[in-house]
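Observations on the model geometry
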Amino acid sequence: MAGGRCQDGPPHTRPAPEAAVLIHRRATSPRTTAAATALAAALLALGACDAGGSDEGAKAGPDKGLTVVAPGRPGEPARTLSADEAVEAARADTPNSADFRYARMMIEHHEQALVLTALVPGRGASAPVQRLAERIAAGQKPEIGAMEGWLKNNGAQARQEAHDHSAMPGTATEAQRERLRAARGAAFDALFLELMVTHHQGAITMATEALADGNDVLVEEMANDVVVQQTVEIDRMRALMT
């Protein structure tokens, strides 16, 4: 096929499409999504060319003998799809309720982390704890912006859902926040680290649920980033607690 058109000649002059085509589910940008769409279009065109370029061949659709391998989610095996199924897979990343729930709740979860880190200057005694708080705030502020942007781009205003945000895992209670505000020096550092480790563990729980139940590739990417980054920060905080 050259220039988007089938080459002239009898069908047997083209080699059979025996090579596997790999579909990457984890698109990370509009450009990657466009590539998946182009792949689906290529499959349709390939079917028409293999049928000899006739009208009947064009109506026949994708080549039924093409092998398409789609990777599964983490821990799940890859799937072999027909060309028709591959076309559908290229359109399969529509956000679902789990994606919207994750973005909305993680924004609020991150906002509480910013409240806690803002208490560190003037109260904590440890320079490493001060630097850790700055790192957490610097990482979570842009993540809030990214999730707010995702919600806006996906029409979240037209999709209002009731959620019990008080049930978010890992969040500090009002009583715990008051204790932290009143603490000073080494006592502040110890309580801050204790609350923030629990807070991070809750964020990882939420991100893991989004990875299991969500469907949008950008939300999946953001949730993966939360798991990786906050696992590293938990290890740092536990080292400071010893």
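From a predicted model like this one, the values you see are computed outputs, not experimental measurements. (Residues numbered from 1 in each chain as written. Predicted model: local features only at pLDDT ≥ 70, side-chain atom pairs only at ≥ 80, totals over all residues. Heavy atoms only, no water.)

**Brief notes about empty space enclosed by the protein**
- Going through the model one piece at a time under the given rule, you end up with one cavity of 30 Å³ or more.
- Taken as a whole, the largest cavity holds about 40 Å³ of empty space.
- Looking at the lining of the largest cavity, the elements that each hand over two or more residues are α5 (127-153) and α8 (217-241).
- With four residues, α8 is the single largest residue contributor to the lining of the largest cavity. (1 Å grid on protein atoms, 1.4 Å probe; cavity = no way out; pocket = protein on both sides within 12 Å on 5 of 7 lines; lining within 4 Å. Points joined across faces, edges and corners; volume = space filled by probe spheres on them. Helix = DSSP H or I, 4+ residues; strand = E, 2+ residues; numbered from the N terminus.)

**Section: the environment of T117**
- With respect to the helices and strands, the residue T117 is situated in helix α4 (residues 97-118).
- Taking the C-alpha atoms as reference points, T117 and Q130, 13 residues apart in sequence, are found 8.5 Å from one another.
- Within the local environment of T117, its side chain forms a polar contact with the backbone oxygen of L114, the two atoms lying 3.0 Å apart. (Polar contact = N/O pair within 3.5 Å; in protein donor to acceptor, adjacent residues only side chain to side chain.)

**Focus on the layout of surface pockets**
- Looking at the second largest pocket, its volume works out to about 180 Å³.
- In terms of lining residues, the second largest pocket is bounded by Y102, H110, E143, A146, M147, W150, L218, E221, M222, D225 and V226.
- Contributions of two or more residues to the lining of the second largest pocket are made by α4, α5 and α8.
- For the lining of the second largest pocket, the per-class residue count stands at seven nonpolar, one polar and three charged. (Nonpolar A, V, L, I, M, F, W, Y, C, P; charged D, E, K, R; others polar.)

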